[in-house]
Amino acid sequence: MDSRQDVLVRPESNEFQELLPSIPSERDAMNLPLHLYKGIWYRAHSLEDMMGFQRHFQALDTDIILATAPKSDTTWLKSVVFAVSHRSQNNKFPDLTSSHDPPRIFATHVPYFMLPESVRTSKCRMIYLCRNPKDIFKSFERFYKGIEMFGPCWEQALEYWKLSTEKPEVLFLKFEDLKADINIQLKRIAEHLGCPFSAEEENRGVIEDIANLCSFHHLSNLEVKKTGEGCFPQVENNAFFRKGEVGDWMNILTPSIVEKLDQVV
């Protein structure tokens, strides 16, 4: 959903060009412009892509939609879900970097209310991964005001959490829980996707195999992650990997910033 492959002249391009000057804008932590549309902050190209995505994407009931705030270990979640949903009976896993077998898996940072109608009315499974905001922000003053890509992140998290209590198709996960006990969370994910682990698979150590395959160490050392550009122009693949740690904010944030963030969140 953040693909740059379809940025061509589309029917909504004129509408987008007329819209952009009329909506509020601010600068982000990298001094790049962000634009406020329906309460959410976007880069210009992301907003244009999102508008095209809203109009043209047709969801299938078998699709899997993964939603996160930026820098919430989206790459890890994608790898875990891919391995769980594409595992075979002989304990073989497809190449995490190349397979295109169904079910289709899509990842997005947009809030639920901005997803296409076809997603919201389908029976596709959704997983939202929430991470402590203290571990994901770059610039405190902007983040504190919600001025971050696809922010404010706490509004997004609250929306998906409420949905998870109302719609069985939505699973709400916490990054910290994944780190604390990956095996239990893998079982939750498998059950949610309709492909629970059998007792025989558990005895064969399939859950542990997936945990190892999708570990931070293994993923960050894949050749495709070390070299080459990703889906965003001039952004290398290795930029999508941070430390993968819980609570690193304690080494960075001052007590006053922590207090202000706690008050907001």
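Source: prediction; values computed, not measured. (Residues numbered from 1 in each chain as written. Predicted model: local features only at pLDDT ≥ 70, side-chain atom pairs only at ≥ 80, totals over all residues. Heavy atoms only, no water.)

> How would you explain the pairing of strand β2 (residues 33-37) if you had to name every residue and give the values?
Examined bridge by bridge, strand β1 (residues 25-27) and β2 share three bridges and lie antiparallel to one another. Paired with Arg27 across the strands is Pro33, a residue of β2. Between the end of β1 and the start of β2, which pair antiparallel, lie five residues, with Asn31 showing a positive phi angle near 65°. With three bridges joining them, β2 and strand β3 (residues 40-42) adopt antiparallel strand pairing. Residue pairing for β3: Tyr37 is matched across the bridge by Ile40. Here β2 folds back onto β3 in antiparallel fashion, the turn holding two residues, of which Lys38 has a positive phi close to 55°. (Pairing = 2+ DSSP bridges. Helix = DSSP H or I, 4+ residues; strand = E, 2+ residues; numbered from the N terminus.)

> Can you break down the sheet that holds β1 residue by residue, with the values?
With antiparallel pairing, three strands are arranged side by side in an open sheet as β1-β2-β3. Each edge of the open sheet is held by one strand with a lone partner, namely β1 and β3. Taking the axes of each pair of neighbouring strands and ignoring which way they run, one obtains an average angle of 35° across the sheet. (Axes fitted to C-alpha atoms, helices over the stretch in contact; angles between N-to-C directions.)

> Mind laying out the packing of aromatic side chains, listing which residues take part and the relevant values?
Tallied over the full model, the rule gives seven aromatic pairs. Centroid distance Phe53 to Phe57: 5.4 Å. Interplanar angle 55°. Geometry classified as tilted. Each member of the pair Phe53 and Phe57 is classed as buried. With a centroid separation of 5.6 Å and an interplanar angle of 25°, the aromatic rings of Tyr128 and Phe172 are classed as stacked. Of the two residues, Tyr128 sits in strand β6 (residues 125-130) while Phe172 sits in strand β7 (residues 170-174), which places them 44 residues apart along the sequence. In this pair, the class of Tyr128 matches that of Phe172, namely buried. The ring of Phe175 has Arg131 lying over it, and the distance from NZ or CZ to the ring centre is 4.0 Å. The ring of Trp76 has Lys179 sitting right over it, with the charged end atom 5.7 Å from the ring centre. (Phe/Tyr/Trp six-rings, centres within 6.5 Å; stacked < 30°, edge-to-face > 60°. Buried < 20%, exposed > 50% of the residue type's maximum accessible area, 1.4 Å probe, protein only. Lys NZ or Arg CZ within 6 Å of the ring centre and 35° of its normal.)

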